[in-house]
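What follows is each chain in one-letter form.
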Amino acid sequence: MRKAIIIFILLALITGIFTSCIENKNNELVSDTDNLSITDQSEILQNTTVSDQSNVSESSNGISECDLSSENQSLPEDSNISSEESIGDIFKYATTKYSGTTIKILTYSPNIDKLSVLQFVADDECTSDAVNTAVMERNAFIYANYGITIETVDSVSPINEICESAYNTVLASTNDYDLICGPSIKMVDYSVYGLFVPLDDYININDVWWNQASLEGNTLDENVHFFVSGDFMLTDVDYVNLILFNKRMYNENNEIVSKYGNIYDLVRSNRFTLDAFIEMSKAASKPDSDGKWSLDATYGLLSYADATSAMVSGCDTPFITISGNNIECYSSEKALNSFQKIYDLMTDSKVVKRAEVIVGENWSWNNNGLDELQEMFINGHGLFYNTTVSNIAEIRNLAGDNFEFGVLPMCLYNEDQNGYYSLVSDKSTLMAIINSNNCNKEAAAFLLNALGYWNIHLDNGVMDAYYKSVLGDDENSDDLEMLEIVIDSRYYDIGYQYSFGDSLLINFYPSIIRLNEGFCPISKYESIRDIIMEDINETYENYEEMISTFNN
């Protein structure tokens, strides 16, 4: 019966696409301009990468002719496909109304981020990669059920070119892209120029596949959202901060185990606190055979200055909080207290080895000391290691079977904290709807809904394949649980996403760590406060003005 249904759908789609061919050709010029879609990456079925704007596809010709006066399109209604017609009927927005549509996405080149294109379009020459296979099967499923095809347009530069391309396509009133997948730290800056339209008319932000943290951490108005992330993309997950630990070193340290027991249970019981983390780090540290704190010594923590922001954020201490029209920046006593403890830890050269310090001591590679740091962890010279999800698979592949390490979230401020917080790096990417003559807003929004839903609900889906690619075939159930905690607790700090004060906020904690001239956050903040607040107020005014323009 299942096969018969699928065959019936395919025949119906082929007939529908054929009979609507002429209509689609004409509709490309007159489709509703408000049909732009959301903001990140999604590429489906046809494994086609468009390498040049001029080659996007014949369907883009004349898009600037879109009828700007046509009625605004809104969130798609519930499924237009009955259970007799589609195996995808449990997806509440299922419909064939966009059959024959091609969605074009501007995103990073795979040379910059391997998942940028792969999360949307599979490489048909790569048959051994689990994620690639899952993406291929998902795209085939979506095409068979909804008739949507996706193409990608690669950007060589991860920041400037994507933002400039988005800006230029608006100025030229062209429909070069349906979705823009750009770096959050820059894309949010461009939102104040009115390049994007609010997503709220095209998606239901309460659907479970949207990442609520990304919605909250990338808007200056809780009722208007220009950016969204969630289960439809992998690059968001790939850049979440976490802690790795050496299992053998932990289990063989009687001082640590006798007091704290199983470290996974420590996380589960909300006892993986900053104080416990610091105490364990000190207990694991010991000098090399010559009594020196060299690269051959053993450290409680292998880290780098930029990780300080993630550690402070893990204590549920955002740099910027917004309540209505009131913006507070660095006003939390809790943030000050947590940073004091982290500062003392990160500047203790007998407990922590930092990447930037390695560069000054013995720089032999070309990645600012991070390569050495990773090598030290693999060779057993550190109990804990600050990194992101993206590095887990690489470490596992480099280390082989003889090195066992586990996954942990960022530690809590204390046991009373309501959950873990895992800061998303500012390298993360988000989706955006461009405010241009785009005729596919509704179709692109539908596609993101479908990707978010089916990445989770298909057998051997994309997210399952991703977890497998990170943890390996024999993933430990404890580490899988911890990784899910990390990803489910991912958090965006709006101060970092908007890079207020020309990145002065982003570098606030790390700069104090790097200088190592004493604990001075209050005086440091006072020295940059006016610049930051001026930037915040100007951005907020532009944002509100842009929103009022859309509302009118």
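Residues numbered from 1 in each chain as written. Predicted model: local features only at pLDDT ≥ 70, side-chain atom pairs only at ≥ 80, totals over all residues. Heavy atoms only, no water.

### Some thoughts on the overall build of the chain
- Across its full length, the chain holds 24 helices and 15 strands.
- The buried share of the chain, taken over its 552 residues, is 55%.
- The long-range share in the chain, meaning contacts at least 24 apart out of those at least 6 apart in sequence, stands at 80%.
- Accessible area for the chain stands at about 23,400 Å²; split by element, carbon and sulfur atoms hold 45% of it. (Helix = DSSP H or I, 4+ residues; strand = E, 2+ residues; numbered from the N terminus. Buried < 20%, exposed > 50% of the residue type's maximum accessible area, 1.4 Å probe, protein only. Contact = heavy atoms within 4.5 Å. Areas by Shrake-Rupley, 256 points an atom, 1.4 Å probe, with all protein chains shown as cover.)

### Concerning the side chain of T219
- Along the chain, T219 turns up in the loop between α7 (212-216) and β5 (227-228).
- A distance of 2.6 Å separates a polar side-chain atom of T219 from the backbone oxygen of V224. (Polar contact = N/O pair within 3.5 Å; in protein donor to acceptor, adjacent residues only side chain to side chain.)

### Examining unusual backbone geometry
- One non-glycine residue with positive phi stands out, namely D316, at about 60 degrees.
- One can find D316 in the loop between α13 (307-314) and β8 (320-323).
- Here D316 falls in the partly exposed class, since its relative accessible area comes to 28%.

### Thoughts on the environment of T152
- Note that T152 resides in strand β3 (residues 149-155).
- Between the alpha carbons of T152 and D178 there is a distance of 9.9 Å; along the sequence they are 26 residues apart.

### A look at a negative patch on the surface
- Together, E526, D530, E534, E538, E541 and E545 make up a region of like negative charge exposed at the surface.
- In this fold, E526 is placed in helix α24 (residues 521-551). (Patch = residues over 30% accessible without salt bridge, like charges linked within 9 Å, V, L, I, M, F, W, Y side chains within 5 Å. Salt bridge = Lys/Arg side-chain N within 4 Å of Asp/Glu carboxyl O. Lys, Arg positive; Asp, Glu negative; His and termini not counted. Charge placed at Lys NZ, Arg CZ, Asp CG, Glu CD.)

### With respect to the packing of helix α14 (residues 333-346) against helix α23 (residues 508-515)
- The geometry of α14 relative to α23 is characterised by a closest axis approach of 10 Å and an angle of 35 degrees between their N-to-C directions. Of the two possible hands of crossing, α14 and α23 adopt the one that is right-handed. Residues A335, F339, Y343 and M346 of α14 form the contact with α23, whose own contacting residues are Y509, I512 and I513.
- For the contact of α14 with α23, the per-class residue count stands at seven nonpolar, no polar and no charged. (Axes fitted to C-alpha atoms, helices over the stretch in contact; angles between N-to-C directions. Left-handed = near helix turned anticlockwise from the far one by under 90°. Nonpolar A, V, L, I, M, F, W, Y, C, P; charged D, E, K, R; others polar.)

### Overview of the side chain of E442
- Examined against the element boundaries, E442 turns out to sit in helix α18 (residues 441-457).
- Here the side chain of E442 touches K97 through a polar contact of 2.9 Å, side chain to side chain.

### Quick word on the pairing of strand β4 (residues 179-183)
- Counting buried residues along β4, five of its five residues qualify, which places the element largely inside the surrounding structure.
- Sheet topology places strand β2 (residues 102-108) next to β4; two bridges connect them, and they run parallel. Across the sheet, residue L106 finds its bridge partner in β4, namely I180. (Pairing = 2+ DSSP bridges.)

### Some points on the sheet that holds strand β10 (residues 352-354)
- With respect to topology, five strands assemble into an open sheet ordered β10-β7-β11-β6-β12, the strand pairing being mixed. At either margin of the open sheet sits one strand with a lone partner, and together these are β10 and β12 (405-408). Taken pair by pair, the neighbouring strands of this sheet meet at an average axis angle of 25 degrees, ignoring direction.
- Across five bridges, strand β6 (residues 241-246) lies against strand β11 (residues 382-388) in antiparallel orientation. Bridged to L242 within β11 is T387.

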